[in-house]
Amino acid sequence: MKSKTVSSHPAKRTHNGSFVFWFLTICHYFFGIAGMTAAALTATNIVSQELTGFIAVGCIAIFAFTKPDLKYKRLVTGWRFLDKKLTNKESY
């Protein structure tokens with residue numbers, strides 16, 4: 001198993017984590033809105049109920065499992081631990 005190299009520069013890790021957080025947040029809202037729209041279209045009989053129902057279920061499932069706030073909290077905890085180990089500081 002290869003070990004991954006960790007950047008010793010906190011700003012780089014913070015930028016990468018911020019990108020992940022915002023990407024997951026955008027996905028969270030996109031799939032939530034798409035799922036609600038598909039569910040509303042399913043209820044109207046304008047389009048195929050099977051297709052829009054399937055899309056609604058898939059979007060709501062993804063919406064429920066992305067949870068960007070929990071992933072961000074785990075990443076921040078990891079960064080603080082790494083900063084503490086890399087800088088030998090006890091201030092976290």
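### What to know about the overall build of the chain
Argument step 1. Along the backbone of the chain there are three helices and zero strands.
Argument step 2. Seen in sequence order, the chain has helices and strands lined up from the N terminus as α-α-α.
Argument step 3. Here the chain holds 92 residues, and the buried ones make up 21% of them.
Argument step 4. For the chain, the share of sequence-separated contacts (at least 6 apart) that also reach a separation of at least 24 residues comes to 61%.

### As for unusual backbone geometry
Argument step 1. The backbone of Asn-45 sits at a positive phi, close to 65°, despite the residue not being glycine.
Argument step 2. Here Asn-45 shows up in the loop between α1 (10-44) and α2 (49-66).

### Concerning α2
Argument step 1. With 18 residues, α2 should cover 26 Å at 1.5 Å per step; its first-to-last C-alpha distance of 26 Å lies within 8% of that length.
Argument step 2. Inspection of α2 places Thr-52, Gly-53, Ala-56, Cys-59 and Thr-66 among the buried residues, and these make up the whole buried set. Along α2, the residues classed as buried sweep out an arc of 165° about the axis, all on the same side. Facing away from the buried side of α2 by over 90 degrees, the exposed positions are Glu-50, Leu-51, Phe-54, Val-57 and Phe-65.
Argument step 3. Positive phi shows up at Lys-67, right after α2, with a value of about 40°.

### Comments concerning a nonpolar patch on the surface
Argument step 1. Side chains of Phe-19, Val-20, Phe-23 and Leu-75 sit close together on the surface and give an oily, nonpolar patch of about 370 Å² of accessible area.
Argument step 2. It is α1 that contributes the most residues to the nonpolar patch, three residues altogether.

### Things to note about the confidence of the model for the chain
Argument step 1. In the predicted model, the chain carries a mean pLDDT of 76, and the fraction of residues at 70 or more is 74%.
Argument step 2. Across the chain, the element-wise mean pLDDT spans from 73 in helix α3 (residues 68-87) up to 85 in α2.

Rules and cut-offs
- Residues numbered from 1 in each chain as written.
- Predicted model: local features only at pLDDT ≥ 70, side-chain atom pairs only at ≥ 80, totals over all residues.
- Heavy atoms only, no water.
- Helix = DSSP H or I, 4+ residues; strand = E, 2+ residues; numbered from the N terminus.
- Buried < 20%, exposed > 50% of the residue type's maximum accessible area, 1.4 Å probe, protein only.
- Contact = heavy atoms within 4.5 Å.
- Expected span 1.5 Å × (residues − 1).
- Arc of directions from axis to C-beta.
- Patch = residues over 30% accessible without salt bridge, like charges linked within 9 Å, V, L, I, M, F, W, Y side chains within 5 Å.
- Areas by Shrake-Rupley, 256 points an atom, 1.4 Å probe, with all protein chains shown as cover.
- Salt bridge = Lys/Arg side-chain N within 4 Å of Asp/Glu carboxyl O.
- pLDDT = per-residue confidence, 0-100.

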